[in-house]
Amino acid sequence: MIDFNEYKKYFDDYAARYDHTDGRVALKIVHTYAVVSVMENLCQKRLLPPHTAGLALLCALFHDIGRFEQLKQYDTFLDHKSVDHASLSCRVLRENHVLDRLPETDREAVLTAIENHNKLRIDPTVTAAASSCPDDAQSLRAPGPCCSAGEVLELCRLIRDADKCDIFRVFATDDMTDVVGASEEEISRETITPEVMEALRDHVSVDRRARKTHLDQWIGFLCFVFDLNYRESIQIVKEQGYYRKPFERTDFKNPAARALVHEALGTVDLYMETFGQTIPDALREFFQDHPKMALAFSGGTDSAYLLYAARACDCHVRAYYAASPFQPAFELEDAKKLAVSLKAEMTILPLNVLELSAVRENPSDRCYHCKNAIFSRILEAAEKDGFLEVMDGTNASDDAGDRPGMRALRELSVRSPLRECGLTKRDVRMLSRDAGLFTWDKPAYACLATRIPTGQPITARDLAVTEAAESDLFSLGFTDFRVRLVGRSAKIQLPAAQMPRLLECRQEILQRLGPDYDGVWLDLEGRG
């Protein structure tokens, strides 16, 4: 049992070491206990078990403990002018052995959540660990004595939400010069940068590098709404009403800025009003008209959401997964786990597409022949099970003319409800997030055959080696990458931002990939 009062006393004693005549120290103490209060409210609304709630309160109490040392050493709370305050908080907790009485898994869970509370996105490895753990370990209603991977992710989301809920209070009630470095009078004459408005319209957080004006920072605060994870957090923000106050009390002098502010508030209001409405009316109507459907199921974001929506709309749906050498093992595991969590029927259809020369020889239209074989097999199995219609997860962002295999879908009369209802990839991700699907931010993953140059025959060995290489890179924390076969060498493509870390891991990567390839290259152009 966690004695929160004991930890509270430690925090009070620690904060007392710093200069209380500096209003900024008092501000952080007030913020800390406000976040604790929000966290208590959030845990109660979500009916979290005592173990999770106790750890969540520790996250709230200590998430900003590094701020005091940051202010003392650098005389600023701006991370980009000093240090990452979340990392500093973790360092303070470790060096002072504050959490040593907790079991190691609980201690590391709290530190992981604090480390991630101020990041633009939660570390993908945390999300991946939660999505790969067994369902019973992910359950927060019956946790074990120590943290599961699912509970760690829950703590990350809870502290991010609780922190943002109180930041809206700070935004609305503290001296604006202390908050953003300019008075409200100065801000009233500013404009909003187009990239910042674009982020708001896309319902995403604003990257600090895109902000050029103080009014951009205001919009950045407003966009925190889009990063909230829970309906209960949205409810708290709406009840507080702080997010609107600075905008409503400011007389914007620039007509264009005034119009954009009006648009921004309307966008956020609509987002909060519809948050949690996870199935659009058009999709509900589709399933009313098609009450029995077979689903070509890959375990990816689109087909996962479609399975969820079909089940939620009481459609009699069965998922069919074509298990071919082109799909890595994790895709099948994700598919099985999602089907179990949604209590959906799922059939696995073994299919060795390499037996087809039109696929194995890897011509320019390989994807057409592969899709044709896969969907023909699904149609055959579905018909035997009494399903006369098959659907897939093609969405409105997919180019009907260019997407490989689209011709096969048309020829076989496969329906694409997401595309027919006008749902884009971004729509599907946001709806999946609101529905609580772990696949909501799963990176797009093209089949393993795309790693082999067109015209080069595909072998089972090449596919296995490619899958192993990408699994190795993923285990090292890399994301959104590809390992392509060039001759007998591996060419690694990954985002430019991850290149420095790849070079740091150079020896380990060579050790893991080297035995299977003649050489390992890095594509300096980067990916994306």
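### Some thoughts on the packing of aromatic side chains
And then number 1: The final tally for this structure, using the stated rule, is 19 aromatic pairs.
And then number 2: Measuring from centroid to centroid gives 6.2 Å for Tyr7 and Phe62, while their planes differ by 80°, and the two rings are edge-to-face. Of the two residues, Tyr7 is situated in helix 1 (residues 4–15) and Phe62 in helix 3 (residues 50–62); the sequence distance between them amounts to 55 residues. Phe62 matches Tyr7 in its accessibility class, with the two residues each being buried.
And then number 3: Among the aromatic residues, those joined into a ring-pair cluster are Tyr7, Tyr10, Phe11, Tyr14, Tyr18, Tyr33, Phe62 and Phe68.
And then number 4: Looking at Lys28, its charged tip hangs above the ring of Phe77, at a distance of 5.1 Å from the centre.
And then number 5: The aromatic ring of Phe478 is capped on one face by Arg501, whose charged end is 5.0 Å from the ring centroid.

### With respect to the sheet that holds strand 7 (residues 520–522)
And then number 1: The strand order across the open sheet built from three strands is 5-6-7, with neighbouring strands paired in mixed fashion. Lying at the two open borders of the sheet, with one neighbouring strand each, are strand 5 (482–486) and strand 7. Adjacent strand axes in the sheet meet at a mean angle of 30°, parallel and antiparallel pairs treated alike.
And then number 2: Relative to strand 7, strand 6 (residues 489–493) runs parallel, the two being bridged by three bridges. Residue pairing in the sheet places Ile492 in a bridge with Leu522 of strand 7.
And then number 3: Of the strands in this sheet, strand 5 and strand 6 are in contact with helix 25 (residues 460–475), which crosses strand 5 at around 145°.

### Considerations on the nonpolar core
And then number 1: Ranked by internal contacts, the top residues of the largest apolar core, which has 86 residues, are Met39, Phe62, Leu99, Leu200, Trp218 and Phe247.
And then number 2: Broken down by element, the residue count for this core peaks at eleven residues, all from helix 9 (residues 149–173).
And then number 3: Not counting the four nearest positions on each side in its chain, Phe247 is found in contact with Phe171, Leu215, Trp218, Ile219, Leu222, Phe252, Val261 and Leu265.
And then number 4: If you look at the next biggest cluster of nonpolar residues, it comprises 43 residues, including Ala381, Val414, Leu448 and Ala469.

### Regarding unusual backbone geometry
And then number 1: Positive phi outside glycine occurs at His203, with the angle close to 60°.
And then number 2: If you trace the backbone, His203 turns up in the loop between helix 12 (194–201) and helix 13 (214–222).
And then number 3: Even without being glycine, Asp480 reaches a positive phi, approximately 50°.
And then number 4: When you line up the elements, Asp480 lands in the loop between helix 25 and strand 5.

### Some words on the environment of Val196
And then number 1: Secondary-structure assignment places Val196 in helix 12.
And then number 2: Between the C-alpha atom of Val196 and that of Val261, which follows or precedes it by 65 residues, the distance is 12 Å.
And then number 3: Other than its neighbours up to four places away in sequence, Val196 contacts Val206, Ala210, Arg211, Asp216 and Ile219.

### So, the sheet that holds strand 1 (residues 292–296)
And then number 1: The strand order 3-2-1-4 describes an open sheet built from four strands, whose pairing is parallel. Taken across any chain shown, the strands that pair with only one partner, and hence form the sheet edges, are strand 3 (345–350) and strand 4 (390–391).

### Considering helix 2 (residues 23–45)
Side chains three or four residues apart in an α-helix point the same way, a direct result of the helix having 3.6 residues per turn.
And then number 1: With 23 residues, helix 2 extends 33 Å between its outermost C-alpha atoms, agreeing within 8% with the 33 Å of an ideal straight helix rising 1.5 Å per residue.
And then number 2: Taken together, the buried positions of helix 2 are occupied by Val25, Lys28, Ile29, His31, Thr32, Ala34, Val35, Val36, Val38, Met39, Leu42 and Cys43.
And then number 3: Tucked inside the fold, the buried residues of helix 2 contact helix 1, helix 3, helix 4 (66–74), helix 9 and helix 14 (231–240).
And then number 4: If you check the start of helix 2, you find a side-chain oxygen 2.9 Å away from the backbone N of Arg24, and it comes from Asp22.
And then number 5: Positive phi shows up at Leu47, right after helix 2, with a value of about 55°.

### Digging into the side chain of Asn395
And then number 1: Within the fold, Asn395 resides in the loop between strand 4 and helix 22 (406–411).
And then number 2: The class for Asn395 is buried, based on a relative accessible area of 1%.
And then number 3: At 3.1 Å, the side chain of Asn395 forms a polar contact with the side chain of Asp302.

### Let's talk about the pattern of salt bridges
It is possible for side chains bearing opposite charge to pair when their charged atoms get close.
And then number 1: In total, this model carries 43 salt bridges according to the counting rule given.
And then number 2: We note a salt bridge from Glu154 to Arg46, for which the minimum N-O separation is 3.3 Å. Linking Glu154 in helix 9 with Arg46 in the loop between helix 2 and helix 3, this pair joins segments that are 108 residues apart in sequence. The pair formed by Glu154 and Arg46 is uniform in burial state, with each residue classed as buried.
And then number 3: The residue Arg67 makes a salt bridge to Asp79 at a minimum N-O spacing of 3.4 Å. Of this pair, Arg67 sits in helix 4 while Asp79 sits in the loop between helix 4 and helix 5 (85–95), and the two are twelve residues apart along the sequence.
And then number 4: Overlapping salt bridges bring together Lys28, Asp64, Arg67 and Asp79 as one network.

Conventions we followed
- Residues numbered from 1 in each chain as written.
- Predicted model: local features only at pLDDT ≥ 70, side-chain atom pairs only at ≥ 80, totals over all residues.
- Heavy atoms only, no water.
- Phe/Tyr/Trp six-rings, centres within 6.5 Å; stacked < 30°, edge-to-face > 60°.
- Helix = DSSP H or I, 4+ residues; strand = E, 2+ residues; numbered from the N terminus.
- Buried < 20%, exposed > 50% of the residue type's maximum accessible area, 1.4 Å probe, protein only.
- Lys NZ or Arg CZ within 6 Å of the ring centre and 35° of its normal.
- Pairing = 2+ DSSP bridges.
- Axes fitted to C-alpha atoms, helices over the stretch in contact; angles between N-to-C directions.
- Contact = heavy atoms within 4.5 Å.
- Core = buried A, V, L, I, M, F, W, Y, C linked by side-chain atoms within 4.5 Å.
- Expected span 1.5 Å × (residues − 1).
- Polar contact = N/O pair within 3.5 Å; in protein donor to acceptor, adjacent residues only side chain to side chain.
- Salt bridge = Lys/Arg side-chain N within 4 Å of Asp/Glu carboxyl O.

Everything listed is a geometric property; what it means functionally is a separate question.
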